[in-house]
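So you can see what is in the structure, the chains are spelled out below.
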Amino acid sequence: MFDMKKMGPYPQFYQADDNGQLMVFGRSVRSIVDEIGTTPLFIYSRECLTQKMSELRSAMPNNLDIHYAMKANSFKPVLEHMRDLVDGFDLASGGEMDLAIAAGVNPEFMSFAGPGKRDSELEKAIAAGVTLNVESPNEADRMIAIAARLGIKAKAALRVNPSFDLKGSGMKMGGGAKQFGMDEDLIAPTAKRIIESGNLWKGFHIYAGSQSLSADAIIETQRQTFALADTLSQEIGSSPERINLGGGFGIPYFPKEEALDIAKVGAALDAQMSNLPEALKNTKFCIELGRYLVGEAGIYVTNIVDRKMSHGETFLVVDGGLHHQLAASGNFGTVIRRNYPIAAVNDYESSGQYDEYDSEIVTIVGCLCTPLDMLGDKVLLPKLAVGDLVSLFCAGAYGASASPLNFLGHGQAAEIMI
Ligand SMILES: *Cc1c(COP(=O)(O)O)cnc(C)c1O
């Protein structure tokens, strides 16, 4: 067992039935797969989404809005369910705007961020009443011109590239030279130009990073965000109606990672919001989260197609792979590869547990003809055979929506919401 590699922790929401088989919120995963009749299959659970959201709401201040960053998962039933749970949707393209509208989201509650918005996207957003998170002075000028042509007042928040970042975050979106937002010194002149042009200046969007599991790091970033918003508001000479504080709440994917302490983050945020500087007294605050809301609510179920040995190691080849699970496979080899949580559907109970008679170390690979297509490297699982199902966890975010679907032509995975 010396060459075993650990995997990340199994998320809450998943249990074993009396026979040890994997269930999600009391429903057998095997029977869901049999019912749908196809693998690979993404299964998302409404109950998981609802529970995650209600845990978050109870930890956060009452008057804090929670937005969903839909690029994490834009499957229509997920959008429709999130629509009724959150206070707003954050989009990052005209295409996402179409999906959100098709899912019945009111454009009033949408904000649109992203560098390089085309004129056609700006026009569509302005016409629909979507708030633009303006990313550059040039974009502000184009927005003003388009709004004038349409005879509609554009709603504009300014995206700030803060001089700080979210410490220890998986992906830094601020601090130094970045393609996102505007450097702090460009904010006041741009806000003034928008106000003078007769359009509606709404406030700020300050997003410093993603995938953090450190409450202290998030709290520190939020403290800096409030201070920055105060300074910028004074420079502009006007109070912002809304401030998007960003997000960055992570989920554990890998060994030794632990869940973010949201109670601690919520308490600190509550203290901040109870003690606001004069310029922010009447401001409404929101956070925007993607993976935290949907990541753990999804699993990716594959079927074992082949079982083979090579140089003494056992490989299980499944019918899915990195074309649906780029991040779990290790992002094209650019990072040190670590294992997402993965389990046998017919024996969740013993997955990841050592048993002298039943467990073995296996490498789970996908069906793509590249050595990068690996879903579990030397993981400890009960003995499995061709036809058994394997479940990969934390598949609700950046799985189907963020993988190279066309790579090697195996096609899409089915997705269902239960
Ligand atoms: C991607 C993104 C998010 C969501 O990030 P998660 O890590 O999924 O929470 C939020 N806001 C902005 C601006 C983003 O680009």
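Everything numeric here is computed off the predicted structure, so don't read it as measured data.

## Description of the overall build of the chain
Moving on, step 1. Across its full length, the chain carries 11 helices and 22 strands.
Moving on, step 2. For a compact globule of 418 residues, the expected C-alpha radius of gyration is about 22 Å, and the chain comes in at 23 Å, within 12% of that figure.
Moving on, step 3. Projected onto its principal axes, the C-alpha coordinates of the chain cover approximately 75 × 40 × 35 Å.
Moving on, step 4. Within the span of the chain, comprising 418 residues, buried residues form 55% of the whole.
Moving on, step 5. Across the chain, contacts joining residues at least 24 apart in sequence account for 73% of those joining residues at least 6 apart.
Moving on, step 6. Within the structure as shown, the chain displays about 17200 Å² of accessible surface, and the carbon and sulfur contribution to it stands at 51%.

## Side note on the environment of Ala-414
Moving on, step 1. Summarising the element assignment, Ala-414 is placed in strand 22 (residues 414-417).
Moving on, step 2. By relative accessible area, which is 23% here, Ala-414 ends up partly exposed.
Moving on, step 3. Considering only alpha carbons, one finds Ala-414 and Lys-5, 409 residues apart in sequence, at a separation of 29 Å.
Moving on, step 4. Not counting residues up to four positions away in its chain, the partners in contact with Ala-414 are Thr-38, Pro-40, Leu-41 and Phe-42.

## Details of the sheet that holds strand 2 (residues 22-24)
Moving on, step 1. Ordered in space as 1-2-3, the three strands form an open sheet in which the pairing is antiparallel. Unpaired on one side and paired on the other, strand 1 (14-16) and strand 3 (27-28) mark the two borders of the sheet.
Moving on, step 2. Alignment of strand 1 against strand 2, held across three bridges, turns out to be antiparallel. By the bridge assignment, Ala-16 is partnered in strand 2 with Leu-22.

## Quick look at the packing of helix 2 (residues 46-59) against helix 3 (residues 76-83)
Moving on, step 1. Contact geometry of helix 2 with helix 3 gives a least axis separation of 11 Å together with a crossing angle of 35 degrees. Crossing angle aside, the handedness with which helix 2 passes helix 3 is right-handed. On helix 3, the residues touching Arg-46, Leu-49 and Thr-50 of helix 2 are Val-78, His-81 and Met-82.
Moving on, step 2. Among the residues forming the contact of helix 2 with helix 3, the class breakdown is three nonpolar, two polar and one charged.

## Some thoughts on the site of the ligand
Moving on, step 1. Taken together, 12 residues are adjacent to the ligand, and Lys-71, Ser-210, Gly-290, Arg-291 and Tyr-398 come closest.
Moving on, step 2. Contact between the ligand and Tyr-207: an oxygen atom at 3.1 Å from a side-chain N or O atom of the residue.
Moving on, step 3. The separation between an oxygen atom of the ligand and a polar main-chain atom of Arg-291 is 2.8 Å.
Moving on, step 4. When isolated, the ligand has an accessible area of 390 Å², and the protein chains bury 91% of it.
Moving on, step 5. A class-by-class count of the residues in the shell around the ligand yields five nonpolar, three polar and four charged.

## With respect to helix 2
Moving on, step 1. For helix 2, built from 14 residues, the straight-helix expectation of 20 Å at 1.5 Å per residue is met to within 8% by its first-to-last C-alpha distance of 20 Å.
Moving on, step 2. Residues of helix 2 that are buried: Cys-48, Leu-49, Lys-52, Met-53, Leu-56 and Ala-59. End-on view of helix 2: buried residues confined to an arc of 125 degrees, all on one side of the axis.
Moving on, step 3. Where helix 2 starts, the residue carrying a side-chain oxygen 3.3 Å from the main-chain nitrogen of Glu-47 turns out to be Ser-45.

So, how was this worked out
- Residues numbered from 1 in each chain as written.
- Predicted model: local features only at pLDDT ≥ 70, side-chain atom pairs only at ≥ 80, totals over all residues.
- Heavy atoms only, no water.
- Helix = DSSP H or I, 4+ residues; strand = E, 2+ residues; numbered from the N terminus.
- Rg over C-alpha atoms; globule rule 2.2 N^0.38 Å.
- Buried < 20%, exposed > 50% of the residue type's maximum accessible area, 1.4 Å probe, protein only.
- Contact = heavy atoms within 4.5 Å.
- Areas by Shrake-Rupley, 256 points an atom, 1.4 Å probe, with all protein chains shown as cover.
- Pairing = 2+ DSSP bridges.
- Axes fitted to C-alpha atoms, helices over the stretch in contact; angles between N-to-C directions.
- Left-handed = near helix turned anticlockwise from the far one by under 90°.
- Nonpolar A, V, L, I, M, F, W, Y, C, P; charged D, E, K, R; others polar.
- Near = heavy atom within 4 Å.
- Polar contact = N/O pair within 3.5 Å; in protein donor to acceptor, adjacent residues only side chain to side chain.
- Expected span 1.5 Å × (residues − 1).
- Arc of directions from axis to C-beta.

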